[in-house]
Amino acid sequence: MARVPVIGGNWKMHLDLTEAVALATDVRNRLGSTRGAEVILFPPFPFLKTIADRVEGSSIQVGGQDLHFEKSGAFTGAVTATMLKSVGCSHVLVGHSERRSVFGDTDAVVGRKLLAALDAGLKPVLCIGELLEERKGNQTFQVVARQLQSAIASIPVGRLADLVLAYEPVWAIGTGLTASPEQAQEVHAYIRQKLADLHGASFATATRIQYGGSVKGSNAAGLFTQPDIDGMLVGGASLKGEEFAQIVKARA
Ligand code: PEP
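Remember, predicted model here, so these are calculated numbers, not experimental data.

**Student:** What exactly am I supposed to notice about the site of the ligand here?
**Tutor:** In the vicinity of the ligand lie 14 residues, with Lys12, Glu168, Gly174, Ser214 and Gly235 positioned nearest. In this structure, Lys12 approaches the ligand through a side-chain N or O atom, which is 2.8 Å from an oxygen atom. At 2.6 Å, a backbone N or O of Gly174 approaches an oxygen atom of the ligand. About the coverage of the ligand: the protein hides 95% of its 290 Å² of free accessible area.

**Student:** Just checking my understanding: could you explain unusual backbone geometry for this structure?
**Tutor:** Although it is not a glycine, Asn138 adopts a positive phi angle of roughly 55°. Residue Asn138 is classed as exposed on the basis of its relative accessible area, which comes to 69%. Phi angles above zero are rare outside glycine, and Ser214 is one such case at about 55°. The topology assignment puts Ser214 in the loop between strand 7 (208-212) and helix 10 (220-224). For Ser214, a relative accessible area of 16% translates into the label buried.

**Student:** Even after reading the chapter, I still don't get the layout of surface pockets, so can you show me in this structure?
**Tutor:** Here the idea is plain: a probe the size of a water molecule rolls over the atoms and shows the empty space left. In this structure, the largest pocket occupies an estimated 240 Å³ of space. Surrounding the largest pocket, Asn10, Lys12, Met13, Phe45, Gln65, Asp66, Leu93, His96, Glu98, Arg99 and Phe103 form its lining. For the lining of the largest pocket, the class distribution of residues is 4 nonpolar, 3 polar and 4 charged.

**Student:** Where do I start with the pattern of salt bridges in this structure?
**Tutor:** It is possible for side chains of opposite charge to pair when their charged atoms get near one another. The full count for this structure, using the stated rule, is 17 salt bridges. For the salt bridge of Asp66 with Arg99, the shortest nitrogen-to-oxygen distance reads 3.2 Å. Here the residue Asp66 occupies a position in the loop between strand 3 (60-64) and helix 3 (81-86), and Arg99 occupies one in helix 4 (residues 97-102), the gap between them amounting to 33 residues. You can call Asp66 buried: its relative accessible area is 7%. The class of Arg99 is partly exposed, set by a relative accessible area of 23%. With a closest N to O distance of 2.5 Å, Arg192 and Asp228 form a salt bridge. Of the two residues, Arg192 sits in helix 8 (residues 181-199) while Asp228 sits in the loop between helix 10 and strand 8 (231-234), which places them 36 residues apart along the sequence. In this pair, the class of Arg192 matches that of Asp228, namely buried.

**Student:** Just checking my understanding: could you explain the packing of helix 1 (residues 17-31) against helix 11 (residues 241-249) for this structure?
**Tutor:** To characterise two packed helices, one gives the angle between the axes of the helices and the distance between these axes. Packing of helix 1 against helix 11 brings their axes to within 9 Å, and their N-to-C directions diverge by 35°. Helix 1 and helix 11 meet at a crossing whose hand is right-handed. Two secondary-structure elements touch here, helix 1 through Leu23, Asp26, Val27, Arg30 and Leu31 and helix 11 through Gly241, Glu242, Phe244, Ala245, Val248 and Lys249. Across the contact of helix 1 with helix 11, the residue classes tally to 6 nonpolar, 1 polar and 4 charged.

**Student:** In this structure, what is going on with the environment of Ile191? I would like to understand it.
**Tutor:** Among the secondary structure elements, Ile191 is positioned in helix 8. Considered as a pair, Ile191 and Val6 are 185 residues apart in the sequence and their alpha carbons are 17 Å apart. Apart from the residues within four sequence positions on either side, Ile191 is in contact with Ile128, Val144, Leu148, Leu165, Tyr167 and Ile209.

Definitions and limits used
Residues numbered from 1 in each chain as written. Predicted model: local features only at pLDDT ≥ 70, side-chain atom pairs only at ≥ 80, totals over all residues. Heavy atoms only, no water. Near = heavy atom within 4 Å. Polar contact = N/O pair within 3.5 Å; in protein donor to acceptor, adjacent residues only side chain to side chain. Areas by Shrake-Rupley, 256 points an atom, 1.4 Å probe, with all protein chains shown as cover. Buried < 20%, exposed > 50% of the residue type's maximum accessible area, 1.4 Å probe, protein only. Helix = DSSP H or I, 4+ residues; strand = E, 2+ residues; numbered from the N terminus. 1 Å grid on protein atoms, 1.4 Å probe; cavity = no way out; pocket = protein on both sides within 12 Å on 5 of 7 lines; lining within 4 Å. Points joined across faces, edges and corners; volume = space filled by probe spheres on them. Nonpolar A, V, L, I, M, F, W, Y, C, P; charged D, E, K, R; others polar. Salt bridge = Lys/Arg side-chain N within 4 Å of Asp/Glu carboxyl O. Axes fitted to C-alpha atoms, helices over the stretch in contact; angles between N-to-C directions. Left-handed = near helix turned anticlockwise from the far one by under 90°. Contact = heavy atoms within 4.5 Å.

Below is the structure:
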């Protein structure tokens, strides 16, 4: 079964409103009628509504970079899944390595966030991946298996149809070090096997697994040649419309 490629642009904590609108306009002009691939932008929270309005009517979708697992309450600085939906988000990143390492999101918290996203009808992009010392210690498979298992094992497979996974080796994020296509494929194939073990072969075959970690216009095509790489989650290179479009067009 052919999986539709999915490419996300994670703008992280960059840009001001004027720059964000200019970037979204540029991306819309270049990619707004993309067929054969899904394109999702993940702007900072304050720009979400503006950017969602800016790309409305095009094929580009918008997502939040994070969410809180509670439905409301005294959680200063946090946002809920329904808030994200109400400003035009279809997707949300869950468990990005920067949330795990900088903000202390544990596997348990990531699991609760995933459930909160699903409860609200947001499509989650669940990020998993190993640290450099874990790779050096040959623990990559163990780490991604643990992250995957703790997030999705207890969720009925029928609720996971919109789940997208992002394999992001932490040592490759923002470092300029990209996993080689073969290194990435090895882990993607393992993740797909793990999905089959947890929830069956048809779920594993249908679920899209993005690669993330210093993806650029120049290395996207090579990564896309691999059979289990179904898309990219792009940080730095998504801040340049032309380069982001090059990445999407490497597959679309
Ligand atoms: C990311 O933010 O998920 C990411 C992969 O960043 P970069 O492309 O800059 O490595």
